[in-house]
Amino acid sequence: MVKHQSVSRTAITRTRVLARRKTVDTPMSSDGSEVGDLGGDDPNDLVEDCFDVATHGGGSLESVPGFGIDRAMTEGFGPESEEVTEELANLTASCLMEFEEPESVCGRDDRRRISPASAIPWWMICQLFIQRHDGRTSRCTGWFIGPRTVMTAGHCVYSQSAGGWARSITVVPGMDDSSRPFGTQVGTTFRSVSGWIQNRDVGYDYGAIILSNGDLGRRVGWFGFAALSDDSLRNLPVNNSGYPADKPTGTQWSNAGRITRVTARRLYYMLDTAGGQSGSPTWRSRRAVRHAIGVHAYGGCPNKSTRITRTVDDNMMRWKNVT
Amino acid sequence: MKARIVEVMESWPLQLILDSDGEQLFVDLDADVRVERAGVEVGPGTLSPGHQVELADAPSLDRHASSRALPPVTRLKILG
């Protein structure tokens, strides 16, 4: 069995090839109409558009009040890219420093709270309350990729230590403290791949929640996603937002920075994350067009996403278009 | 039991992938896990791939039990 073979909690036989709109070497806007001068795309990039329910100004990094974009664009890179002052030369490497409270905060904690989270793209991102296979509870983050489909980490839907698939996952998009502006939905059908379920390979740590209907997804819209080439991903400014457990439950926190390393199946970065943010989207934002390029799953500085490769993209398309 | 941290999964509570004598183990940390380093209590955010750790309360973490539901780790020492 190949590692990317889709594995589901409920058996669903697919008998037809789903139509899909993908472009190779053609930059596209969220409404599908723009073919613009989004220079720098690689001919090998594969892009699936998002569905925004409203328009929103864009940029390389999401605009969050109080967030230091200059620092975000340089964190995680060697001193050769900066002026090396004596103070800088004597700094302890951030990954060698210890911080008692936050998880995987690399250097200064510059996460910013998203409140309210009832705007694009934040409302597409969901707090997940998980009833695990072993009966214990846990929390993760997810994000809509289709009306019924919430993307997350594989270990959020199928925990190796819990011994199996989650029993249920409550999805709360745009949650902000006690506010649940769009309501909730409970998913009991999940997807992941054999590379994670059977092989326990961290490079295949991604999965999805399939909701029973598209009511919630159609209210908040969904992220596009893209399988970008190595060249497109190197040093790419990206965003991440999720529900870290070192902050008040149900509050969403965002961070941004550059990808510092790219491997065949993973993306590395110094964006600050914490326990609870597994499954959150790592995305590129360009001219108000957002494409997720990874599924955040691992901490430890550098922190890591499962990379959306072409095979991951294929599975996401299948899960997005589930009927 | 002593082991090396291979990965830190950022669900909450955290889940760890450990290497113990070449065997891969998946374990849960308790939400109130006590992490100690050189006799000082530190936050679980300190845990990083490459750390050698001792699981103080892991008698059931034999290598053949890794796929079964195990009790979460409540105390853990970072050895180096």
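Keep in mind the model is a prediction, meaning the values are calculated, not measured.

**Some thoughts on the overall build of chain A**
Part 1: A tally of regular secondary structure across chain A gives seven helices and 20 strands.
Part 2: Across chain A, every contact between residues at least 6 apart in sequence was considered, and the portion connecting residues at least 24 apart equals 73%.
Part 3: Put simply, chain A shows about 12,500 Å² of open surface, and 48% of that area lies on carbon and sulfur atoms.

**Digging into the overall build of chain B**
Part 1: Counting its regular elements, chain B contains zero helices and six strands.
Part 2: In chain B, the order of α-helices and β-strands from amino to carboxyl end is β-β-β-β-β-β.
Part 3: The 80 residues of chain B split such that 51% are buried.
Part 4: Once local pairs closer than 6 in sequence are excluded, the contacts in chain B between residues at least 24 apart make up 53%.
Part 5: Accessible area of chain B: about 3,500 Å², with a carbon and sulfur share of 45%.

**Overview of the state of the cysteines**
Residues and elements named next belong to chain A.
Part 1: All chains considered together, the criterion is met by two disulfides over all chains.
Part 2: Disulfide partner of cysteine 106: cysteine 301, at an S-S distance of 2.3 Å. Here the disulfide of cysteine 106 and cysteine 301 is left-handed, its torsion about the S-S bond being about -105°. With cysteine 106 in the loop between helix H2 (86-89) and strand S4 (112-114) and cysteine 301 in the loop between strand S19 (289-299) and strand S20 (303-307), this residue pair connects regions lying 195 residues apart in the sequence.
Part 3: Between cysteine 140 and cysteine 156 runs a disulfide, and the two sulfur atoms are separated by 2.1 Å. Across the S-S bond linking cysteine 140 and cysteine 156, the dihedral sits near -85°, which makes this disulfide left-handed.

**Describing the nonpolar core**
Part 1: Residues Leu128, Trp143, Phe144, Met151, Trp196 and Ile209 of chain A are the most contacted members of the largest nonpolar core, which totals 63 residues.
Part 2: Discounting chain neighbours no more than four positions away, the residues touching methionine 151 of chain A are Thr141, Gly142, Trp143, Ile145, Tyr206, Gly207, Ala208, Gly279, Val295, Met316 and Trp319 of chain A.

**Focus on the pattern of salt bridges**
Residues and elements named next belong to chain A.
Part 1: What the rule picks out here adds up to 15 salt bridges over all chains.
Part 2: Put simply, aspartate 134 and arginine 132 hold a salt bridge, and the shortest N to O gap is 2.5 Å.
Part 3: Judged by relative accessible area, which is 6%, arginine 132 ranks as buried.
Part 4: For arginine 307, the salt bridge goes to aspartate 230, with nearest N and O atoms at 2.7 Å. Of this pair, arginine 307 sits in strand S20 while aspartate 230 sits in helix H6 (residues 230-233), and the two are 77 residues apart along the sequence.
Part 5: Note on aspartate 230: relative accessible area 33%, which makes it partly exposed.
Part 6: Among the charged side chains, a salt-bridge network with shared partners connects Asp109, Arg111, Asp246 and Lys247.

**What to know about unusual backbone geometry**
Part 1: Going from cysteine 301 of chain A to proline 302 of chain A, the amide bond is cis rather than trans, its omega being 5°.
Part 2: With respect to the helices, strands and loops of the structure, proline 302 of chain A is situated in the loop between S19 and S20.
Part 3: In this chain, tryptophan 12 of chain B is followed by proline 13 of chain B through a cis amide linkage whose omega measures -5°.
Part 4: On the secondary structure map, proline 13 of chain B appears in the loop between strand S1 (2-9) and strand S2 (15-20).
Part 5: Phi is positive for aspartate 177 of chain A, close to 60°, though the residue is something other than glycine.
Part 6: Within the element layout of this structure, aspartate 177 of chain A appears in the loop between strand S10 (168-173) and strand S11 (185-187).
Part 7: In this structure, alanine 38 of chain B takes a positive phi of about 50° despite not being glycine.
Part 8: For alanine 38 of chain B, the location among the structural elements is in the loop between strand S3 (23-37) and strand S4 (40-42).

**Side note on the confidence of the model for chain B**
Part 1: In this model, chain B carries a mean pLDDT of 87, and residues with pLDDT of at least 70 account for 82%.
Part 2: In the predicted structure, residues 63-67 of chain B sits below a pLDDT of 50 and forms 14 contacts with residues beyond four places in sequence or in another chain.

**Let's talk about the packing of aromatic side chains**
Residue and element names in this part refer to chain A.
Part 1: Following the criterion strictly, the structure yields seven aromatic pairs over all chains and no others.
Part 2: With a centroid separation of 5.3 Å and an interplanar angle of 90°, the aromatic rings of tryptophan 123 and phenylalanine 182 are classed as edge-to-face. Of this pair, tryptophan 123 sits in the loop between S4 and strand S5 (125-131) while phenylalanine 182 sits in the loop between S10 and S11; the two residues are 59 residues apart in sequence, bridging distant segments of the chain. There is no split in this pair, since tryptophan 123 and phenylalanine 182 are both buried.

**Structural notes on the interface of chain A and chain B**
Part 1: Tallying the contact residues gives 37 residues for chain A and 31 residues for chain B.
Part 2: Taken together, the two surfaces of chain A and chain B that pack against each other cover about 2,400 Å², and 46% of this comes from carbon and sulfur.
Part 3: The interface formed by chain A and chain B holds four salt bridges in total.
Part 4: Aspartate 28 of chain B is the salt-bridge partner of arginine 132 of chain A, the closest N and O atoms lying 2.6 Å from each other.

Procedures and definitions
Along each chain, numbering runs from 1 in the same order as the chain's sequence is written. Chain letters start at A and ligand numbers start at 1, both assigned in the order the entries are written. For a predicted model such as this one, the threshold for reporting local features is a pLDDT of at least 70, and the threshold for listing and counting side-chain atom pairs is 80 or more; totals across whole chains, interfaces and linings nevertheless cover every residue. Water and hydrogen atoms play no part in the side-chain values, which are based on all heavy atoms of the structure. Secondary structure is summarised from DSSP: a helix means a run of H or I of at least four residues, a strand means a run of E of at least two, and numbering begins at the N terminus for each. Here, two residues are considered to be in contact whenever any of their heavy atoms come within 4.5 Å of each other. Accessible areas in this description were obtained via Shrake-Rupley with a 1.4 Å probe; residue shielding takes into account the shown protein chains only. Three exposure classes are used, based on accessible area relative to the maximum for each residue type with a 1.4 Å probe and protein chains only: buried under 20%, partly exposed in between, and exposed over 50%. Pairs of cysteine sulfur atoms within 2.5 Å are what we label disulfides. Put simply, buried Ala, Val, Leu, Ile, Met, Phe, Trp, Tyr and Cys residues joined by side-chain atoms within 4.5 Å make one nonpolar core. For this document, the term salt bridge refers to a Lys or Arg side-chain nitrogen within 4 Å of an Asp or Glu carboxyl oxygen. Confidence of the predictor in every single residue is expressed as pLDDT, which spans 0 to 100. Ring pairs are drawn from Phe, Tyr and Trp, using the six-membered ring of Trp, whenever the two centres fall within 6.5 Å, and their geometry is named by plane angle: stacked under 30 degrees, edge-to-face over 60, tilted for the rest. Buried surface area refers to the total accessible area, computed with a probe of radius 1.4 Å, that the two partners give up upon joining, counted for both partners together.

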